[in-house]
Amino acid sequence: MNDFLESLGQWIIDASDYVCGYPEFLLLIGGGLFLFIYSGAVSVTKLPKAIKALRNKQAQDSGKEAGQISSVQALLSAIAATVGMGNIAGVAIALSIGGPGVIFWMWVSALVGMTTKFFEGTLSIMYKGKDSAGEVQGGPMYIITEGLGKKWKPLAMTFAAFGLFGTLCFTQANQLVESITTVFTSPMGIENTVGLRFGMGVAIIIIVGFVLLGGIKRIAQFASRIVPLMVVLYFILVAVVMVMNIELLPGVFKSIFQGAFTPEGEIGGFTLVALTGARRAAFVNEAGVGTASMMHGASRNNDAVREGLIAMLGPAIDSGFVCTLTAIPIIIAGNYHVDGVKGLYIALNSFGNLLPYGQYLLMAIVFFFAFSTMFSYSYYGQKCTNFLFGVKHASKYNYFYLATILIAAVIPLDALVGFMDLAFAGMALCTMFTLIMLAPRVKAKMKQYFK
């Protein structure tokens with residue numbers, strides 16, 4: 001049985017390395033660059049308007065339009081999903097594979113991702129649909145069926161099928177358990193057994209279940225309160241590290257820019273660094289994956305371009321700002337050269353080396369990040385279930401989702417990362433195809449809005 005599981009895990013890893021290499025790089029970055037140019041560099045030229053749109057009273061109020069939450073709540077809920085373990089463990093994994101240069105390519109991916117998110121947010125309002133109960137819904141499934149036409153429903157169903165598994169909380173639950181064992185139980189001499197990890201999984205289920213069983217409104221209320229707080233607290237923590245090591249900061253940014261084009265010889269070449277940065281950034285900001293359009297599609301907003309501008313801010317915050325906050329202490333500590341995939345282990349050790357009780361302070365942030373992602377991901381999976389099997393079966397997904405937390409607590413992270421990458425690649429293929437096909441309609445809306 002162990003040999004079979006090891007072979008299965010290795011097959012997933014190998015498949016992920018192939019599919020999520022050049023194909024995903026060209027799909028997300030190539031497709032995003034096309035949208036960036038086609039839109040007239042909207043993520044750069046219209047950034048001030050995006051910030052202004054966020055401050056608009058209509059964006060902050062739920063209003064009377066069809067939907068469940070406000071535009072700001074949609075943005076914060078989407079950020080709650082993307083600002084998670086990937087911003088800590090994912091960045092550490094990327095640094096261990098490609099060195100500091102991967103951060104530059106994460107910035108590039110963030111800029112491109114902002115444009116992609118603009119198109120996702122805009123289309124999520126332009127093409128809403130109705131579920132089996134007649135309630136208005138949004139997301140790639142409805143963008144496909146309402147925008148491309150009913151004959152494309154198989155593509156919508158394919159996206160939803162990938163979404164059922166791509167939005168499971170494998171990585172978040174696994175890395176949360178790893179962090180608890182690294183910081184608390186192992187130093188106390190408690191053996192890291194399957195039973196211990198199972199117990200932690202049960203505790204996580206209780207916390208996550210309390211929020212997700214309350215539906216999208218409770219998730220949005222939680223996100224609107226916790227996301228600003230956790231980002232500010234993380235910034236303060238990293239700012240203290242930066243002040244204490246201010247003389248090393250120039251070298252940190254020098255290594256990022258140098259490593260982006262002349263990577264360290266023992267790590268790999270330019271291609272590996274660029275692919276690693278783009279791949280991790282795509283996992284973090286999910287631009288082009290389609291998840292954000294499910295959240296923005298729940299917005300009570302009838303102004304499609306304004307929703308797109310607000311959605312555009314997501315990648316700037318998660319894979320731009322927050323990922324940089326994680327990278328700086330890890331590069332300063334210089335302990336990212338490890339064997340295997342040990343994302344959170346690297347981050348915790350880095351903060352522990354740089355600050356008194358640093359690993360415990362980071363653990364507090366990890367709790368916020370991990371749970372915020374798990375709350376929002378459950379909503380995505382439920383939306384996919386709703387589309388595939390109808391409203392009456394959608395709530396059953398929550399119990400399936402909670403059950404997978406126990407699986408995530410005990411299986412190897414290598415296979416988990418590969419599994420998530422494969423599912424995300426499938427979602428991205430469906431989403432990016434749709435965005436490019438409908439791009440002319442978005443551009444027509446842009447001309448009308450900015451006129």
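Scroll up a little and you will see the structure.
Residues numbered from 1 in each chain as written. Predicted model: local features only at pLDDT ≥ 70, side-chain atom pairs only at ≥ 80, totals over all residues. Heavy atoms only, no water.

## Some details on the side chain of Ser 124
Right, so step 1: By the element assignment, Ser 124 lies in helix H8 (residues 101-126).
Right, so step 2: At a separation of 2.6 Å, a polar atom in the side chain of Ser 124 contacts the main-chain carbonyl oxygen of Gly 121.
Right, so step 3: Ser 124 has contacts with Ile 143, Ser 293, His 296, Gly 297 and Glu 307, leaving out every residue within four places of it along the chain. (Helix = DSSP H or I, 4+ residues; strand = E, 2+ residues; numbered from the N terminus. Polar contact = N/O pair within 3.5 Å; in protein donor to acceptor, adjacent residues only side chain to side chain. Contact = heavy atoms within 4.5 Å.)

## Topic: unusual backbone geometry
Right, so step 1: Residue Ala 41 is not a glycine yet carries a positive backbone phi of 55 degrees.
Right, so step 2: Its location among the elements puts Ala 41 in the loop between helix H2 (22-38) and helix H3 (42-45).
Right, so step 3: Positive phi outside glycine occurs at Tyr 357, with the angle close to 60 degrees.
Right, so step 4: For Tyr 357, the location among the structural elements is in the loop between helix H19 (343-354) and helix H20 (358-389).
Right, so step 5: On the basis of relative accessible area, Tyr 357 is assigned to the exposed category, the value being 63%. (Buried < 20%, exposed > 50% of the residue type's maximum accessible area, 1.4 Å probe, protein only.)

## Considering H20
Right, so step 1: Taking 1.5 Å per residue, 32 residues should reach 46 Å; H20 reaches 46 Å between its end C-alpha atoms and fits that length.
Right, so step 2: In terms of residue burial, H20 counts as a mostly covered element, since 24 of its 32 residues are buried.
Right, so step 3: Once H20 ends, the next one or two residues include Gly 390, with phi positive near 100 degrees. (Expected span 1.5 Å × (residues − 1).)

## Overview of the side chain of Lys 383
Right, so step 1: Its location among the elements puts Lys 383 in helix H20.
Right, so step 2: In contact with Lys 383, not counting residues within four places along its chain, are Gln 137, Gly 138, Met 141 and Met 294.

## Observations concerning helix H7 (residues 89-98)
In an α-helix there are 3.6 residues to a turn, and that puts residues three or four apart on one side.
Right, so step 1: Of all 10 residues making up H7, nine are buried, and the element is well covered by its neighbours.
Right, so step 2: Among all positions of H7, only Ala 89, Gly 90, Val 91, Ala 92, Ile 93, Ala 94, Leu 95, Ser 96 and Gly 98 are buried.
Right, so step 3: Where H7 ends, the next residue or the one after it, Gly 99, has phi of about 80 degrees, a positive value.

Everything listed here is a matter of geometry and, on its own, says nothing about what the molecule does.
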